[in-house]
Structure formats: C-alpha cells, structure tokens
Amino acid sequence: MPPAGCYVLFPTKSVHISLQTRRPIFDMMDLKPPELGRGKSRMPAKILVVDDHKAMRIALCDWLAGALPGCEVTAASTGEEAVCLSVEWLPTLIIMDLGLPGISGLEATRRIKAERPRCPVLILTIHEGELYRAEALASGASDYVPKRLMQSALLPTITALLDPSEDTSQRRASLLG
C-alpha cells in the first residue's frame, strides 16, 4: 500500500506526494522531450520554478528535469527569492505562480522584467479569470497557463518560450481553447 499522501496530475504522469517525506514518488512513463532549436547549437535551458507550495515545486522541478533532458531546473518559494535568482542564476525561463508570500507573482514579474526584460516569465496558476490573465500580461509575463490546463498546454508553452523561432502559436491557441 502506498504511503499516505496526495496525487497531483502532471502532463503524461501522475505524481504521488508522500506526506511523510514531502518528496514526489513518480509513476514513470515515457516522456518525449521537445526538439529545441533544431539544427542550432544552443546553451542548455535554465528554468526557475516559483511556487510557494513545496510539493508542487518539487514535483514540477522533477517533472521538468525528466521532460526536458539537459535543462537545469531550480526553484524559489517566494517572489523575493525569484527576483534574486533571476539576476544571480540567470534563468532562460521562469515559471511563476501568482499567489506567493511576500511580494506577489505579479510584482515579482514586474521586478524581474525591469532587470531582465528579455527573460520570458510564464505564469502557472489556479486562477483562470480573464482579469488575472490581463494583469499578468500587463506585468510583463510572456504567457499564462491555468493549472487546470497543465496536461495539455504546459509543455507546448514552455517549448514555444524556449524556442521563439518555432511557430507554435496556432497549436497553443487550440490547446488553450
């Protein structure tokens, strides 16, 4: 019998979060990584995950490391940490939750974009209202994915943001409905 915990659905796998260890236990499945920068030599992507829920941070970081081989992934639990890491670690993509302790994900995005205007920030949140999306984009976010649509939209959005030369806008529009 698996240890007590909760299940979190991630694209192409379900993740069991152990309540004792707070570490994810993955149901491993084949993940097909996207082809980034076809035919080009590129630096490996560095992805910063910002979420105040520890289980979500750990699970998302582990999933990204498996889904995007060669990418470096690290995490922050607050907006302040995210701002510092964006300047010190220089990620190529930041995945940001909106509801954070201290400064919000919106304010963290504004500060990051002021320091690093070319660094894409992807908002990944439970909030689905158009007002949230509009505020996120106005704060400088590059894109917005509700957590409910993670399974279908997260990887294509990440791929598009890491390789903007690839035209994925029509495919993404159909995924986000």
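Because the structure is a prediction, the values reported are computed rather than measured. (Residues numbered from 1 in each chain as written. Predicted model: local features only at pLDDT ≥ 70, side-chain atom pairs only at ≥ 80, totals over all residues. Heavy atoms only, no water.)

**Brief notes about unusual backbone geometry**
Inference 1: The phi dihedral of Leu-90 is positive, around 55°, even though this residue is not glycine.
Inference 2: By the element assignment, Leu-90 lies in the loop between helix H2 (79-88) and strand S6 (93-96).
Inference 3: Looking at Leu-90, the relative accessible area reads 45%, which means it is partly exposed. (Helix = DSSP H or I, 4+ residues; strand = E, 2+ residues; numbered from the N terminus. Buried < 20%, exposed > 50% of the residue type's maximum accessible area, 1.4 Å probe, protein only.)

**A short note on the packing of H2 against helix H3 (residues 105-115)**
Inference 1: Where H2 meets H3, the closest approach of the two axes is 9 Å, and the angle between their N-to-C directions is 15°. Between H2 and H3, the angle is such that the two are roughly parallel. Both H2 and H3 take part in a crossing whose hand is right-handed. From H2, Gly-79, Ala-82, Val-83, Ser-86 and Val-87 reach across to H3, where they touch Ala-108, Arg-111, Ile-112 and Glu-115. (Axes fitted to C-alpha atoms, helices over the stretch in contact; angles between N-to-C directions. Parallel < 35°, antiparallel > 145°, perpendicular 65-115°, else oblique. Left-handed = near helix turned anticlockwise from the far one by under 90°. Contact = heavy atoms within 4.5 Å.)

**Some details on the environment of Ala-45**
Inference 1: Inspection of the secondary structure puts Ala-45 in the loop between strand S3 (24-26) and strand S4 (46-50).
Inference 2: For the pair formed by Ala-45 and Leu-93, sequence separation is 48 residues and the distance between their alpha carbons is 7.5 Å.
Inference 3: Not counting chain neighbours up to four residues away, the residues in contact with Ala-45 comprise Gly-70, Cys-71, Glu-72, Thr-92 and Leu-162.

**Brief notes about the nonpolar core**
Inference 1: If you look at the biggest cluster of nonpolar residues, it comprises 24 residues, and the most contacted ones within it are Ile-47, Leu-64, Ile-95 and Ile-158.
Inference 2: Of all elements in the fold, only S4, helix H1 (54-67), S6, strand S7 (121-125) and helix H5 (150-162) reach the threshold of two or more residues within this core.
Inference 3: In terms of residue count, H5 provides more of this core than any other element does, 7 residues in total.
Inference 4: Ignoring any residue separated from it by four or fewer positions in sequence, one finds Ile-47 in contact with Leu-64, Leu-68, Cys-71, Glu-72, Val-73, Thr-74, Trp-89, Leu-93, Ile-95 and Leu-162.
Inference 5: The next biggest cluster of nonpolar side chains, apart from the first, holds 20 residues, and it includes Trp-89, Ala-108, Ile-112 and Tyr-144. (Core = buried A, V, L, I, M, F, W, Y, C linked by side-chain atoms within 4.5 Å.)

**As for the side chain of Lys-147**
Inference 1: With respect to the helices and strands, Lys-147 occurs in the loop between strand S8 (143-146) and H5.
Inference 2: Ignoring anything within four residues of it in the chain, the contact list for Lys-147 reads Asp-51, Met-56, Asp-97, Leu-124, Thr-125 and Ile-126.

**Remarks on the pairing of S4**
Inference 1: A large share of S4 lies buried, amounting to 5 of its 5 residues.
Inference 2: Across the two faces of S4 the burial is the same, with Lys-46, Leu-48 and Val-50 and Ile-47 and Val-49 all buried.
Inference 3: Alignment of S4 against strand S5 (residues 72-76), held across 5 bridges, turns out to be parallel. When the bridges of S5 are listed, Val-49 appears paired with Ala-75.
Inference 4: For the handedness criterion, the β-α-β arrangement of S4, H1 and S5 is classed as right-handed.
Inference 5: Summarising the sheet, S4 and S6 pair through 4 bridges and their orientation is parallel. The residue of S6 that forms the bridge with Leu-48 is Ile-94. (Pairing = 2+ DSSP bridges. Right-handed = clockwise from strand over helix to strand, strands pointing away.)

**Things to note about the side chain of Arg-57**
Inference 1: In this fold, Arg-57 is placed in helix H1.
Inference 2: Although Arg-57 is buried, it forms no salt bridge, and the closest oppositely charged side chain is Asp-51 at an N-O distance of 5.8 Å.
Inference 3: In this structure the side chain of Arg-57 is engaged in a polar contact, spanning 3.4 Å, whose partner is the backbone oxygen of Asp-52.
Inference 4: With sequence-adjacent residues up to four places away left out, Arg-57 is seen in contact with Val-49, Asp-51, Asp-52, Ala-75, Ala-76 and Ser-77. (Lys, Arg positive; Asp, Glu negative; His and termini not counted. Salt bridge = Lys/Arg side-chain N within 4 Å of Asp/Glu carboxyl O. Polar contact = N/O pair within 3.5 Å; in protein donor to acceptor, adjacent residues only side chain to side chain.)

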